[in-house]
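# A structural walkthrough
Chain by chain, the residues:
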Amino acid sequence: MKILIYSTKDFEREYLIVANENLHVVNFSRELLSESTANRAIGYDVISVFAGDDASAPIIKKLNHAGIRGIAIRGVGYDNVDIVKAKELGIRVANVPEYSPYAVAEHAAGMILALNRKLILADQQVHKHNYKIDNLIGFDLNRKKVGIIGTGRIGSVMAKILYGFGCWVLAYDIKPDKYIEDHYGVFYTNLQTVCNESDIITIHTPLNEQTRYMVNKELIDKMKPGVILINTSRGAVVKTEDIVDALKTGRIAGLGMDVYEKENRIFFFDRSANPPQDEMLKELMSLPNVLITPHQAFATKDAIINIATTTFYNINCWAENKNSENELPLAETRLVKTIMRKNHSQFSY
Ligand code: NAD
């Protein structure tokens, strides 16, 4: 098969080459998939996309005309791909449902620690030979209440990490997970109670019609004053302008954000010579209690290897005219864990 990889990042290229095992003709493009780049797919069988690519309905139509039969998403989230339109046109879509929930949960935990213990500020002060700690006082995580919104693969790992810190974990999910209730003392309740009670809230839901702008002024008003909010899910799960207002009044004491609702064409790029003219991002950067990372929560070597392996597993299934269990809409059974374990041995890194 001929495969075009859109949005290729330097950090993943070598892993994708290894995962291909010389089976397919693969071309790498740094370009994002968009209205203007969709025609580049002419002559290919399958494309692969990343979080910032636009595979909305009009672009899916163009890909269909170009002859594309499969879209392999290099990640978990698929809010940027119109799966209904793809299915209607007979284009297969598959994601990598579980490459490393640990990577994302560990990053979220790192953000909690960095904000609470003011690690970035401490480092900056020390570099200026200011060794005072008066403005660096945090709080114990032990016996604090932490709310998890969305306890799927990532949220459940988060529950385990927080349990290790001695936190009381409150959770809201449309599908509660009995295992983490039984093993990590997670207490499921409604969204309002999670907000009322929690000292820290961490978000791990997908972005969909129900969750878009789920964290808005109305919900923030229900939160404990001084709450720390962490978002490593998708930017538009929170209404950023409402968060900015709450950060300014101190209603929210700290924000850790790995994702931003307008991150497209900003995150993942070196914009130092051409800084984005995004007023809301500028405002967030000007606030001392905001910690921003550029959608890197997933970025561990383990995760990148798993993404490459499962992406080519999906493509190989299509090459053999078989279904992959990672096809969207979600299939009943997921065998990815087994596949990842099986394929891991080919990497000598
Ligand atoms: P998952 O599907 O395993 O878990 C999502 C959970 O959210 C599920 O338990 C589901 O029931 C719950 N949920 C869905 N809609 C809900 C709603 N309206 N209210 C409450 N709960 C709801 O997904 P996951 O692997 O845990 O990943 C979660 C999200 O994290 C992904 O969709 C993706 O957007 C994001 N993500 C970000 C990064 C990053 O690098 N920042 C990396 C991977 C994933």
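Small disclaimer: the values here were computed from a predicted structure and weren't measured. (Residues numbered from 1 in each chain as written. Predicted model: local features only at pLDDT ≥ 70, side-chain atom pairs only at ≥ 80, totals over all residues. Heavy atoms only, no water.)

Here we take up the packing of aromatic side chains. Using the criterion set out here, one finds 7 aromatic pairs in the structure. Ring geometry for Phe 11 and Phe 298: centres 6.0 Å apart, planes at 55°, overall tilted. A residue pair is termed long-range when its members are at least 10 positions apart, and Phe 11 in helix α1 (residues 10–20) and Phe 298 in the loop between β12 (290–292) and α12 (301–319) qualify at 287 residues. A relative accessible area of 32% places Phe 11 in the partly exposed class. Relative accessible area serves as the criterion here: at 6%, Phe 298 is assigned to the buried category. Arranged with centres 5.2 Å apart and planes meeting at 65°, the rings of Phe 50 and Phe 268 form a pair that is edge-to-face. Of this pair, Phe 50 sits in the loop between β3 (46–49) and α2 (57–66) while Phe 268 sits in the loop between β11 (252–257) and α11 (279–286), and the two are 218 residues apart along the sequence. Taking the relative accessible area as the measure of exposure, Phe 268 reaches 25% and is therefore partly exposed. Of the aromatic side chains, those joined through ring pairs into one cluster are Phe 11, Phe 50, Tyr 99, Phe 268 and Phe 298. Taking NZ or CZ as reference, Lys 9 lies 5.1 Å from the ring centre of Phe 269, over its face. Above the face of the Tyr 213 ring, Lys 239 is positioned so that its terminal group lies 5.8 Å from the ring centre. (Phe/Tyr/Trp six-rings, centres within 6.5 Å; stacked < 30°, edge-to-face > 60°. Helix = DSSP H or I, 4+ residues; strand = E, 2+ residues; numbered from the N terminus. Buried < 20%, exposed > 50% of the residue type's maximum accessible area, 1.4 Å probe, protein only. Lys NZ or Arg CZ within 6 Å of the ring centre and 35° of its normal.)

Now for the pattern of salt bridges. Inspection of every chain in the model, using the stated rule, returns 17 salt bridges. With its nearest N and O atoms 3.2 Å apart, the salt bridge here joins Glu 279 to Lys 282. One end of the pair is Glu 279 and the other is Lys 282, both in helix α11 and 3 residues apart, which spans about a single turn. (Salt bridge = Lys/Arg side-chain N within 4 Å of Asp/Glu carboxyl O.)

Those residues of helix α10 (residues 240–249) that sit buried are Thr 240, Asp 242, Ile 243, Val 244, Ala 246 and Leu 247. Considering only its buried residues, α10 is in contact with α9 (217–220), β10 (227–231), β11, α11 and β12. (Contact = heavy atoms within 4.5 Å.)

Turning to the domain arrangement of the chain, a few remarks are in order. Assigned domains of the chain: these are domain 1 (2–99 + 301–343) and domain 2 (101–292). Just the C-alpha atoms count here: the centres of domain 1 and domain 2 sit 29 Å apart. Listed by partner, the interface residues are 13 residues for domain 1 and 9 residues for domain 2. Considering only the surface of domain 1 that becomes buried against domain 2, Leu 32, Asp 79 and Glu 98 emerge as the three largest contributors, covering 39% of it. The tally of links from domain 1 across to domain 2 stands at 2 salt bridges. Here Glu 98 and Arg 153 are joined by a salt bridge, their closest N and O atoms 3.4 Å apart. One can count 3 residue pairs in polar contact (both at pLDDT 80 or more) joining domain 1 with domain 2. Grouping the constituent residues of the side of domain 1 that touches domain 2 by class yields 6 nonpolar, 3 polar and 4 charged. (Domains from an automatic or database assignment. Buried area = accessible area lost by both parts, 1.4 Å probe. Polar contact = N/O pair within 3.5 Å; in protein donor to acceptor, adjacent residues only side chain to side chain. Nonpolar A, V, L, I, M, F, W, Y, C, P; charged D, E, K, R; others polar.)

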